[in-house]
Amino acid sequence: MSDPRMNRHKTRREQGDTTVRSGASTGRGGVSVALGNFFTHHAQAFIATLGQLSRRPFATFMTVAVIGIALAMPAGLYVLLNNAQRMIGNWEGASQISLFLKTGINESRAQQLVEQLHRRPEIAATDYISPDNALDEFRRLSGFGEALGALDENPLPAVLVVRLKKDVTDPVQIERLLEDLRKRSEVDIAQLDMQWVKRLYALMAMVQRGVLVLASLLGLAVLLVVGNTIRLAIQSRRDEIVITKLIGATDAFIRRPFLYSGAWYGIGGGLLALILVQLSLYILQQPVHNLALLYNSSFALYGLDLRTSTILLGGGGLLGLLGSWLAVGRHLKDIEPN
Amino acid sequence: MIRFTNVSKRYEGGYEALNDVSFHLTPGEIAFVTGHSGAGKSTLLKLIALLERPTNGQVIVNGQNLAKLGRGAIPYHRRNIGVIFQDHRLLFDRTVFDNVALPLIIAGYGPAETAKRVRAALDKVGLLSKEKAYPITLSGGEQQRVGIARAVVNRPALLLADEPTGNLDPEMSWEVMKIFREFNEVGVTVLIASHNIDLIGRMQSRVLRLDHGRYIGEIAATRSFV
């Protein structure tokens, strides 16, 4: 056997060990080997922690389930909100005013009115719906077709649907226009249709804020759950930590597996949240479809898109990492060999 | 290799574990530290491995003044030292192989190099056949030899052993001592804390004596106890 001290020095240089702080980083080979070691270490910890977690499947699942449920709630609400926005999205943009014309106003009078209205700068377009068309549409959509057949005459008025230009959003301006239209002799009722959509938007903005607050709170809960789990893991592996410190492990080496465990918990929780949300949507799909049919709509629920899924998984992982980082920072320093 | 200059260690509460200790150990030496229990043997080893810091005085190991090593440098300092404990300090949830491989994994060796060195170290302590066994299935002497394999696998220039034969019968103890001597013969500096007077006598090497934390000189190797 050759002199072990000589061997040690030789292999040191070969390994690019960071121990030799001044020497190791001088050669390019040293740096690349040290970098290689760095990635090897991380890859090892990444896989090893997954193995460790899978050896305690029940305990791991409990933690992952808590995180998953906590993440699924804001994610699910977000998806529902998204669907709601999509549902009313068709009406987004310009407001429209429905002018119900007085009975006895014939089509040529109505067309004259249309031409007059077109001169106003706020108005983008006008559609004339004759009483016959209105009746047809009503028969088609309402489901009262046969009952309508019993009527002697068409009870519906002619309607002018006035679409405002997109940049006309000032409520005062719209109100003034509405007043003008109401004063016209042909008009029975002038009704601003978009008021309720705007209220709905305001409501949804509020719900959106609520989801954000909920997500923050539950994110904090995930942080605490992971932190506590990692704290327990640190305590149960106290001996191992002491021994590895005794034989020259750096703080980073000891920290690493705990950080990765935390990240795995978070990613696992994110994945579970994804499954829970998709499952819930699947369960809702049929009732929503039935409801949409009643409204003669082809609306179908949209699930999590790729972007949201990525955010859910990545966010879960980050929360897990952060939670374990907090726990490790607090508890690892206390463990020193003596 | 190791130089203590007027080293004192006082613990909180006033207990003085070491008092004004000075000695020098040259590279390639093998020596014992002896004394009654509580004489300061363990403290002396702890100061070398930086498990403790001295209250006064200077400790130089391998040319490095330990007072100048900050917290971040301690792990790298410990990698140069193989430490063997009376209670072995093995990890019972992993195999003999994995226990011995730990220092190499910490130092960042690749799997092939690690396997090669672990087997060489296990071969050296005569436990190559037990690499897949768990420590709990081994005898006390075998566990201690696993501990030694782990201490030498990184090929440190300095071996410290704290009562390595404390729990072993005389025959096992002598086997362990022979292993230490083999390492010493290839150039490793070895410092062993022990109160086993009989064993120390048989080894015929330098003996540093401590009494109530004071260094009270050496016993020449030839003036054996036998």
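Residues numbered from 1 in each chain as written. Chains lettered and ligands numbered in written order. Predicted model: local features only at pLDDT ≥ 70, side-chain atom pairs only at ≥ 80, totals over all residues.

A look at the domain arrangement of chain A
Examined at the domain level, chain A breaks down into domain 1 (41-88 + 200-331) and domain 2 (95-193). Distance from the C-alpha centre of domain 1 of chain A to the C-alpha centre of domain 2 of chain A: 52 Å. (Domains from an automatic or database assignment.)

A closer look at the confidence of the model for chain B
Residues with a pLDDT of 70 or more make up 97% of chain B, whose mean pLDDT is 89. Scoring of the predicted complex yields 0.71 for pTM and 0.87 for ipTM. (pLDDT = per-residue confidence, 0-100.)

Points about unusual backbone geometry
Residue and element names in this part refer to chain B. Within the chain, Asn6 stands out as a residue other than glycine whose phi angle is a positive 50°. With respect to the helices and strands, Asn6 occurs in strand S1 (residues 2-10). For Asn6, a count of 12 C-beta atoms within 10 Å translates into the label exposed. (Helix = DSSP H or I, 4+ residues; strand = E, 2+ residues; numbered from the N terminus. Buried ≥ 20, exposed ≤ 12 C-beta atoms within 10 Å, placed from the backbone.)

Overview of helix H1 (residues 41-48) of chain B
Residue and element names in this part refer to chain B. In terms of burial, H1 is largely enclosed, as eight of its eight residues are buried. Among all positions of H1, only Lys41, Ser42, Thr43, Leu44, Leu45, Lys46, Leu47 and Ile48 are buried. A positive phi of about 60° marks Leu50, the residue just after H1.

Quick look at the sheet that holds strand S2 (residues 16-25) of chain B
Residue and element names in this part refer to chain B. Taken in spatial order, the four strands line up as S2-S1-S4-S5 in an open sheet, and their pairing is antiparallel. Each edge of the open sheet is held by one strand with a lone partner, namely S2 and strand S5 (64-65). Across five bridges, the pairing between S1 and strand S4 (residues 56-61) is antiparallel. Bridging across to S4, Ser8 finds its partner in Asn56. Packed on one face of the sheet, H1 meets S1, S2 and S4 and runs near 120° to S1. (Pairing = 2+ DSSP bridges. Contact = placed C-beta atoms within 7 Å. Axes fitted to C-alpha atoms, helices over the stretch in contact; angles between N-to-C directions.)

Quick notes on the packing of helix H3 (residues 96-107) of chain B against helix H4 (residues 111-124) of chain B
All names here are of chain B. In contact at an axis separation of 9 Å, H3 and H4 are set at 125° when each is read in the N-to-C sense. Overall, the two elements H3 and H4 adopt an arrangement that is oblique. The hand of the H3/H4 crossing is right-handed. Packed against H3, whose contacting residues are Phe97, Val100, Ala101, Leu104 and Ile105, the element H4 presents Thr114, Arg117, Val118, Ala121 and Leu122 at the interface. Residues belonging to the contact of H3 with H4 are distributed by class as follows: eight nonpolar, one polar and one charged. (Parallel < 35°, antiparallel > 145°, perpendicular 65-115°, else oblique. Left-handed = near helix turned anticlockwise from the far one by under 90°. Nonpolar A, V, L, I, M, F, W, Y, C, P; charged D, E, K, R; others polar.)

Focus: the nonpolar core
Ranked by internal contacts, the top residues of the largest apolar core, which has 72 residues, are Ile48, Val100, Ala149, Leu159, Leu160 and Phe180 of chain B. With eight residues, H3 of chain B is the largest single contributor of residues to this core. In this structure, Val64, Ala72, Ile234 and Val328 of chain A belong to the second largest nonpolar core, which totals 33 residues. (Core = buried A, V, L, I, M, F, W, Y, C linked by C-beta atoms within 7 Å.)

What about the packing of helix H5 (residues 140-152) of chain B against helix H6 (residues 170-185) of chain B?
For any two helices packed against each other, one specifies the crossing angle of their axes together with the interaxial distance. All names here are of chain B. Closest axis-to-axis distance for the H5/H6 pair is 10 Å, and the angle between their directions is 15°. Considered as vectors, H5 and H6 are oriented roughly parallel to each other. Viewed along their axes, H5 and H6 form a crossing whose handedness is right-handed. On H6, the residues that touch Gly141, Gln144, Arg145, Ile148 and Val152 of H5 are Met172, Glu175, Val176, Ile179 and Phe183.

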